[in-house]
Amino acid sequence: SYSLGISYTYLLPGQISNTLVEYFIRSYDNLGNFDTSITYSYLVGDSVSPTLSSIQRSPATPYEADNVEIVTTIVDLGSGVETAYIVYSINNGSDWTFITIITNGDDIYTGIIQKQIWNTTVLYYIRATDYLGNTKNSDMNQYVVKEAGFPTITNIILTPNAPKSNDDVQFWAIVSDSKSGISY
């Protein structure tokens with residue numbers, strides 16, 4: 001007896017992303033005759049975005065003379081990390097600057113946001129994209145640049161300049177701050 005049009009199924013377990021799978025079909029009859037299909041192939045896709053963790057900033061409280069180093073861990077077990085950026089804005093998100101961040105091969109990525117003027121609010125996040133276009137953005141972070149200068153005090157005068165017991169003494173000074181001003 002012979003069979004016509006019987007359907008057979010084989011389940012291939014899931015494969016690692018970016019793996020080229022090649023396969024063919026071979027069928028035998030009861031007399032040992034066989035037929036082999038051509039070889040087919042497919043590339044296993046990657047639908048998982050990179051993971052971002054441990055985003056750190058140094059210094060934690062930047063002053064206007066400080067470049068700010070951003071360090072983060074980026075991992076993509078599928079196709080691998082193709083690009084990674086620090087994306088930042090100094091005008092409340094109206095414009096964004098992309099800085100390429102690099103790794104030395106151990107999933108730790110480092111980049112620098114250049115120094116900004118005092119009282120600037122810097123918004124930033126990390127963006128990583130793998131080789132198949134899957135992208136992940138970190139949560140938004142921010143810092144406010146502190147003034148590097150300090151108030152200056154000059155021309156201190158006291159009256160009387162040689163106080164005696166029970167004398168009230170009055171102090172004068174010139175206090176200035178060319179950037180943020182004097183609060184008290």
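Further up the page is the structure itself.
Note that the structure is predicted; figures quoted are calculated from it, not measured.

*Asks:* Before we go on, may I ask you to explain the overall build of the protein chain in this structure?
*Replies:* Within the protein chain, the regular secondary structure consists of 0 helices and 15 strands. For 184 residues, the compact-globule estimate of 2.2 N^0.38 gives 16 Å, and the protein chain exceeds it by more than 25% at 33 Å. Reported as C-alpha extents along the three principal axes, the dimensions of the protein chain are approximately 130 × 35 × 25 Å. Taken across its 184 residues, the protein chain has 23% of its residues classed as buried. By sequence separation, contacts in the protein chain at least 24 residues apart represent 54% of the contacts at least 6 residues apart.

*Asks:* Before we go on, may I ask you to explain the nonpolar core in this structure?
*Replies:* It is characteristic of soluble globular proteins that their nonpolar side chains tend to be buried jointly. Formed by 18 residues in total, the largest nonpolar core has its most connected members in Ile74, Ile86 and Ile113. For this core, the secondary structure elements donating two or more residues are strand S6 (68-75), strand S7 (81-89), strand S10 (108-113) and strand S11 (121-130). For Ile86, the contacting residues outside a window of four places in its chain are Ile70, Thr97, Phe98, Ile99, Ile101, Gly111, Ile112, Ile113, Tyr124, Tyr125 and Ile126.

*Asks:* Help me understand the packing of aromatic side chains in this model?
*Replies:* Between two aromatic rings, the relevant description is the distance of the centres plus the angle of the planes. Across all of its chains, the model carries 6 aromatic pairs by this definition. Taking 5.5 Å as the distance between ring centres and 85° as the angle between the ring planes, the aromatic pair formed by Tyr85 and Phe98 counts as edge-to-face. On the criterion of sequence distance, the pair formed by Tyr85 in strand S7 and Phe98 in strand S8 (residues 97-100) is long-range, its members being 13 residues apart. Pairwise contacts between aromatic rings join Tyr23, Tyr40 and Tyr42 into one cluster.

*Asks:* Can you help me understand unusual backbone geometry in this one?
*Replies:* Across the chain, the bulk of peptide bonds are trans and the bulk of non-glycine residues have phi less than zero. Here the bond from Ser58 into Pro59 is cis, since omega is 0°, no more than 30 degrees from zero. Relative to the helices and strands, Pro59 resides in the loop between strand S5 (51-58) and S6. Even without glycine at this site, Asp107 takes up a positive phi of about 75°. With respect to the helices, strands and loops of the structure, Asp107 is situated in the loop between strand S9 (102-103) and S10. In this structure, Asn119 is a non-glycine residue whose phi angle is positive, near 70°. If you trace the backbone, Asn119 turns up in the loop between S10 and S11.

*Asks:* What am I meant to see in the environment of Phe150 here?
*Replies:* In this fold, Phe150 is placed in the loop between strand S13 (141-144) and strand S14 (152-159). Accessibility expressed as a relative area gives 63% for Phe150, which makes it exposed. A sequence separation of 86 residues divides Phe150 from Glu64, and the C-alpha atoms of the two residues are 12 Å apart.

*Asks:* How should a nonpolar patch on the surface be read in this particular structure?
*Replies:* A surface patch of nonpolar side chains, about 770 Å² in accessible area, is lined by Tyr10, Leu12, Tyr23, Ile25, Ile38, Tyr40 and Tyr42. Here Ile25 lies in the loop between strand S1 (20-23) and strand S2 (26-28).

*Asks:* Can you walk me through the sheet that holds S5 in this structure?
*Replies:* Adjacent strands of a sheet pair through backbone hydrogen bonds, lying either parallel or antiparallel. On the basis of which strands lie adjacent, the open sheet formed by 4 strands has the order S5-S6-S10-S9 and antiparallel pairing. On the outer flanks of this sheet lie S5 and S9, each paired with one strand and no other. In terms of strand pairing, S5 meets S6 through 6 bridges, oriented antiparallel. By the bridge assignment, Thr51 is partnered in S6 with Val75.

Reading the values: the criteria
Per chain, the residues get numbers from 1 upward, laid out in the order the sequence is written. Owing to the predicted nature of the model, reporting of local features is limited to residues with pLDDT of at least 70; listing and counting of side-chain atom pairs is limited to 80 or more, with chain, interface and lining totals taken over all residues. By convention in this description, side-chain values take in all heavy atoms of the structure and omit both hydrogens and water. Numbering goes from the N terminus for both helices and strands, where a helix is a DSSP run of H or I of at least four residues and a strand is a run of E of at least two. Here the radius of gyration uses the C-alpha set of atoms, whereas the globule reference equals 2.2 Å times the residue count to the power 0.38. Burial classes: relative accessible area under 20% of the type maximum marks a residue as buried, over 50% as exposed, and values in between as partly exposed (1.4 Å probe, protein chains only). We call two residues contacting when some pair of their heavy atoms lies within 4.5 Å. Nonpolar cores are built from buried Ala, Val, Leu, Ile, Met, Phe, Trp, Tyr and Cys residues. Side-chain atoms within 4.5 Å join them into one set. Each aromatic pair joins two rings of Phe, Tyr and Trp (for Trp, the six-membered one) with centres within 6.5 Å, and gets the label stacked for planes under 30 degrees apart, edge-to-face for over 60, and tilted for any other angle. Distance thresholds for patches are 9 Å for like charges and 5 Å for nonpolar side chains (Val, Leu, Ile, Met, Phe, Trp, Tyr), applied to residues having over 30% relative accessible area and no salt bridge. To measure how exposed things are, a 1.4 Å probe is used in the Shrake-Rupley method; for residues, cover is taken only from the protein chains shown. Salt bridge criterion: a side-chain nitrogen from Lys or Arg within 4 Å of a carboxyl oxygen from Asp or Glu. Strands are labelled as partners when DSSP assigns at least two bridges between them.

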